[in-house]
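Each chain, letter by letter, is given below.
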Amino acid sequence: MLKRSFNILTIIVLFSTILFAQDIKTGIKLYKNERYNAAKKHFLSQIESTKKPKQKAELYFYLGQTYCYSENMDSARFSFLQGLKNDADCALNYAGLAKIDLLTDNKLDFETNMKKALEISDEENQMVLMVLAEAYSNPKIKNFEKALELVDKALSIKSKDYSDVYLSKAKVYLGLNNGTEVIKNCENVLDIHPENPEALTLKAKIYLLINLKKEAIVLLEEALKGDSTYSPAYNELAEVYARLKDYTQAYQYYQKYINASEVTIEKQKRLASFLFIDKQYSKCIEILENILPKDDNPESSIRILAYSYMRLDENEKSISFFKQLFGLNLDSYLPTDYENYSDLLSKSGDEMQALEYLKKVVETDSSRKDVFGKMSVLYFKNKDWEGVVYSLKNKGKLTAQEYFDLSKANIFIGDKNINSAYQGLPQKLNFNDEQTSQLRIALLYYQAELKDAMNDSTKLATALSKLDNSVSSIMDKKQRPNWEALKSDWLNRVKAIVGTEYAKAESALTSLIEKVPTLAIAYIWQGRVKSNFDPDSEAGLSKPFYEKFIELSNNDTTKFKKELVEAYSYLGYYYYIKENNALALQNWEKVLELDPENVQATAVIKQLK
């Protein structure tokens, strides 16, 4: 009877031990599946229900491990200490404390706790050695040599099952980027447990690193076939499909990963990023707007919300989130942040503010020369001709349209400078209309000489002297005294204001014509520029360009009526001053055909006939 009672007691103790081991395995599986909150609840529940100090101590160790994996080091330390309160000889809790000490740079306590863990275990506890190896191989520490020493020591200990040790060794080699050894150790695990999901997933991770994507998928699907609850396999599948640019599959597997592990803000942000790349903007917005109030690091969420609303053409909402993004006052922003916000501001009519953000793009990324093209468009719309020239000068290689815009901007600057140079002088000297016209012509000849002077100080002085003589020659005796009084200041003003903008316009139009030799309108503008170097039309510098324009326009009066009148008028005047009355008459008659009310053409034709 006594023997029978002893056997029953033995069975009860054995059964209790098996149940306890099973409870430990259940908790470990939870935290390996990244279900940290569930693992914490499980271990706390087991701690509450057990009365045995040694079991409590072991449960506290695994609770500490759970906190450690979820990066809550203070709670991990507290758990390990609680374990030691229940069993001062629990080597695992000393190993846990040593790990925390190493990760938090507490060197003195680390040495003490590591020594204690090894002494108590007599260096014969595989788990103690693996915990310490895990500490040394942590990305913050990267002492892989010491980690390998510890796992090799664990492998030398006699055991029925080395699979966990081989997994530990594989993870160390993963930190060393030694894929061959990772696979070798995973194969050792799989020889013992062919369906081990952790080994299959780790092996797949290496396959992904060496670009064997299809092979990685096969391994991960095999891992999930063996254990459909193993969340890291879903995560890796999401990454594989992201690499394959199948973002719909990536999103779906990442959602399964969250469902199999647990919901966190960071995971939801990652899920939203897959949705954004997959152009599922509305779903992406729904997730991010829900987590934003709880997000302590909202930069990426706000950015993706701004971009998502922009893709949906909900510009006001996009602008609102961009304002929030820039309100964070980050040390740096992406060039695309500035560029996209600039585009939105431009669409909303705030073009000056848009320009300011485009400037930030090139300040952030000096290689983005293309942005100067965008800037030039905004400057052109706002008639900021200096801004157009500045932008296109910095852009480098220009398109045909940009050469055209550059030429126009230089022409308009040149016109402004000439007008500014003689403004006020005719009134002060009491010029008549003819004298005012001659003054403008004199200034045009002056700027033409600047083109040839090429910053030669002697030639520049000669050009200014010629201007002085030209202006003096158009005055009568009564005007000269006033001219002498004003001359010095005025000539200095001209020297400061008038430049080579027309020459720059000429150069830009030459490049445009080289790019698009059949572009009719380019020749009309080149003709206009050339007339600034030949204001009396004596040299006929504009003639070949007006003629080419007429040829290319095919007399399309619907599209080019105004320009054709200009071209024929120039040619009519040119032939008139060259006393070729027949060709003069022919061109003026063309003007009258296009514009029957043209007063100048009517008068000249009457005179020629």
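From a predicted model like this one, the values you see are computed outputs, not experimental measurements.

Okay, helix α18 (residues 315-327) next. Taking 1.5 Å of rise per residue, the 13 residues of α18 would be expected to cover 18 Å, and the 18 Å separating its terminal C-alpha atoms lies within 8% of that figure. Listed as buried for α18 are Ser-318, Ile-319, Phe-321, Phe-322, Leu-325 and Phe-326. Viewed along the axis of α18, the buried residues span an arc of 165°, placing them on a single side of the element. Opposite its buried face, α18 presents the exposed residues Glu-316, Lys-323 and Gly-327, each directed more than 90 degrees away. Turning to α18, the residues buried within the fold contact α16 (281-291), α17 (299-311), α19 (335-347) and α20 (351-364). Remark: Asn-329 follows α18 within two positions and exhibits a positive phi of approximately 50°.

Evaluated as defined, the whole model comprises 35 salt bridges. When the shortest N-O distance is used, the salt bridge between Asp-227 and Lys-29 registers 3.6 Å. With Asp-227 in the loop between α12 (213-226) and α13 (231-243) and Lys-29 in helix α1 (residues 2-32), this pair connects stretches of sequence that are 198 residues apart. With its nearest N and O atoms 3.4 Å apart, the salt bridge here joins Glu-484 to Lys-487. Taken together, the positions of Glu-484 and Lys-487, both in helix α27 (residues 480-497) and three residues apart, correspond to about one turn of that helix.

A word on the state of the cysteines. Per the stated rule, a full pass over the model turns up zero disulfides. We note that Cys-90 lacks a disulfide partner, and the nearest cysteine sulfur, in Cys-68, lies 15 Å from it. Assessed through its relative accessible area of 9%, Cys-90 is described here as buried.

Our focus in this paragraph is unusual backbone geometry. Here Asn-177, not a glycine, exhibits a phi torsion of approximately 60°, which is positive. One non-glycine residue, Glu-579, adopts positive backbone phi at about 60°. Tracing the backbone through its elements, the reader meets Glu-579 in the loop between α31 (557-577) and α32 (581-594).

Core analysis: the largest hydrophobic core is formed by 200 residues, its most contacted members being Leu-467, Trp-490 and Phe-549. Setting aside anything within four residues of it in sequence, one finds Trp-490 in contact with Ala-421, Tyr-422, Leu-425, Leu-439, Leu-443, Leu-467, Val-471 and Trp-483.

Moving on: helix α2 (residues 36-49). Side chains that are three or four residues apart share a direction in an α-helix, a result of its 3.6 residues per turn. Between its first and last C-alpha atoms α2 spans 20 Å; for 14 residues at 1.5 Å apiece the expected length is 20 Å, and the two agree. Listed as buried for α2 are Tyr-36, Ala-39, Lys-40, His-42, Phe-43, Gln-46 and Ile-47. For α2, the buried positions fall inside an angular range of 165° around the axis, keeping them on one side. Along α2, the residues that are exposed and aim more than 90 degrees away from the buried face are Lys-41 and Glu-48.

The subject of this paragraph is the packing of aromatic side chains. Per the counting criterion, the structure on display carries 31 aromatic pairs. On the numbers, 5.5 Å between centres and 5° between planes, the contact of Phe-326 with Tyr-338 is stacked. Here Phe-326 is found in helix α18, whereas its partner Tyr-338 is found in helix α19, with twelve residues between them in sequence. Note on accessibility: Phe-326 and Tyr-338 belong to one class, buried. The class of Tyr-338 is buried, set by a relative accessible area of 11%. An aromatic cluster is built from Phe-276, Tyr-281, Tyr-307, Phe-322, Phe-326, Tyr-333, Tyr-338, Tyr-341 and Tyr-357, whose rings are joined through pairwise contacts. Lying over the aromatic face of Tyr-357, Lys-360 brings its terminal NZ or CZ to 5.8 Å of the ring centre.

The relative placement of two packed helices is expressed as an angle between their axes plus a distance between the axes. Contact geometry of helix α25 (residues 433-453) with helix α26 (residues 457-473) gives a least axis separation of 9 Å together with a crossing angle of 170°. Between α25 and α26, the angle falls in the class roughly antiparallel. Residues Leu-439, Ala-442, Leu-443, Tyr-446, Glu-449, Leu-450, Asp-452 and Ala-453 of α25 lie in contact with α26, whose contacting residues are Lys-459, Leu-460, Ala-463, Leu-464, Lys-466, Leu-467, Ser-470 and Val-471. When its residues are assigned to classes, the contact of α25 with α26 shows eleven nonpolar, one polar and four charged.

This next bit is on the environment of Met-475. With respect to the helices, strands and loops of the structure, Met-475 is situated in the loop between α26 and α27. In sequence terms Met-475 and Gly-414 are 61 residues apart; their C-alpha atoms lie 25 Å from each other. Not counting residues within four places of it along the chain, the set of residues in contact with Met-475 comprises Leu-429, Phe-431, Gln-435, Arg-480 and Trp-483.

In the contact formed by helix α22 (residues 385-395) and helix α23 (residues 400-422), the axes pass within 9 Å of each other and the chain directions differ by 140°. Viewed along their axes, α22 and α23 adopt a mutual orientation that is oblique. Once α22 is placed against α23, the crossing between them reads as left-handed. Facing Trp-385, Glu-386, Val-388, Val-389, Leu-392 and Lys-395 of α22, the residues of α23 in contact are Glu-402, Asp-405, Leu-406, Ala-409, Asn-410, Phe-412, Ile-413 and Lys-416. Here the residues of the contact of α22 with α23 are counted per class, giving eight nonpolar, one polar and five charged.

Reading guide: rules and limits
- Residues numbered from 1 in each chain as written.
- Predicted model: local features only at pLDDT ≥ 70, side-chain atom pairs only at ≥ 80, totals over all residues.
- Heavy atoms only, no water.
- Helix = DSSP H or I, 4+ residues; strand = E, 2+ residues; numbered from the N terminus.
- Expected span 1.5 Å × (residues − 1).
- Buried < 20%, exposed > 50% of the residue type's maximum accessible area, 1.4 Å probe, protein only.
- Arc of directions from axis to C-beta.
- Contact = heavy atoms within 4.5 Å.
- Salt bridge = Lys/Arg side-chain N within 4 Å of Asp/Glu carboxyl O.
- Disulfide = S-S within 2.5 Å.
- Core = buried A, V, L, I, M, F, W, Y, C linked by side-chain atoms within 4.5 Å.
- Phe/Tyr/Trp six-rings, centres within 6.5 Å; stacked < 30°, edge-to-face > 60°.
- Lys NZ or Arg CZ within 6 Å of the ring centre and 35° of its normal.
- Axes fitted to C-alpha atoms, helices over the stretch in contact; angles between N-to-C directions.
- Parallel < 35°, antiparallel > 145°, perpendicular 65-115°, else oblique.
- Nonpolar A, V, L, I, M, F, W, Y, C, P; charged D, E, K, R; others polar.
- Left-handed = near helix turned anticlockwise from the far one by under 90°.

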